[in-house]
Amino acid sequence: MTLAEEENPQVWHRIRPDSTERRMLEGLSMRFDVRLRPRTLVLPDGSRVEVEGVDAHNRFLVQLVANQGTYKSHHRNKVMADMFKLVWLSRSILPGGRAILCVSEAVSQAFSGWVATAARDLGVEVLLFQGDGDIVPLVE
């Protein structure tokens, strides 16, 4: 596995300076005292995978679900897809990486019932990004 050729640790890719995703990633960077940035990984078969936040030592693997407004079923689908991606990355591509899913208040509803249990059992840390910028555990 390698970084994409154009990869630069300063680059934010699609994350705009004024976006919720940027605030989430900056808040997580402060919380864990690491610099998290989006990164493109190139797998041995040439396929690419985008990760929304990774530190320089591949210890923290972060996906963000920052949807706002009314909760919809497709938010749960995004949560489950991102959890699957994090589990795969932390077990197969960057073994030992800490799998972290950070979600907005609107998306937090996805973690009722079995989805919360699955996250806990699979070792995915689920954090809630609150409107005031605080980040707190959502699934203990």
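One structure accompanies this document, and this report is about it. Fair warning: this is a prediction, and the values are worked out from it, not measured in the lab. (Residues numbered from 1 in each chain as written. Predicted model: local features only at pLDDT ≥ 70, side-chain atom pairs only at ≥ 80, totals over all residues. Heavy atoms only, no water.)

## Topic: helix α1 (residues 20–32)
- Helix length check: α1, at 13 residues, gives a terminal C-alpha distance of 18 Å against a target of 18 Å (1.5 Å per residue), a fit within 8%.
- For α1, the elements touching its buried residues are β2 (37–42), β3 (48–54), β4 (60–65), β5 (98–104), β6 (125–129) and β7 (135–139).
- In the segment just after α1, aspartate 33 is the residue with positive phi, at about 55°. (Helix = DSSP H or I, 4+ residues; strand = E, 2+ residues; numbered from the N terminus. Expected span 1.5 Å × (residues − 1). Contact = heavy atoms within 4.5 Å.)

## Overview of the side chain of threonine 40
- The residue threonine 40 is located in strand β2 in this model.
- Residue classification places threonine 40 among the buried residues on the basis of a relative accessible area of 1%.
- One polar contact links threonine 40 to glutamate 50, side chain to side chain, over a distance of 2.8 Å. (Buried < 20%, exposed > 50% of the residue type's maximum accessible area, 1.4 Å probe, protein only. Polar contact = N/O pair within 3.5 Å; in protein donor to acceptor, adjacent residues only side chain to side chain.)

## Overview of the nonpolar core
- In this structure, Val79, Met83, Leu101, Val103, Phe111 and Val124 are the most contacted members of the largest nonpolar core, which totals 28 residues.
- Sorting the residues of this core by element identifies β3, β4, α2 (73–93), β5, α3 (114–122) and β6 as the ones contributing at least two each.
- Among the elements that line this core, the one with the most residues is α2, at 6 residues.
- In this structure valine 124 touches Met83, Leu86, Val87, Ala99, Leu101 and Ala119, once residues within four positions along its chain are discounted.
- The next biggest cluster of nonpolar side chains, apart from the first, holds 17 residues, and it includes Met24, Leu36, Ala66 and Ile100. (Core = buried A, V, L, I, M, F, W, Y, C linked by side-chain atoms within 4.5 Å.)

By themselves, these observations are geometric and do not establish any function.
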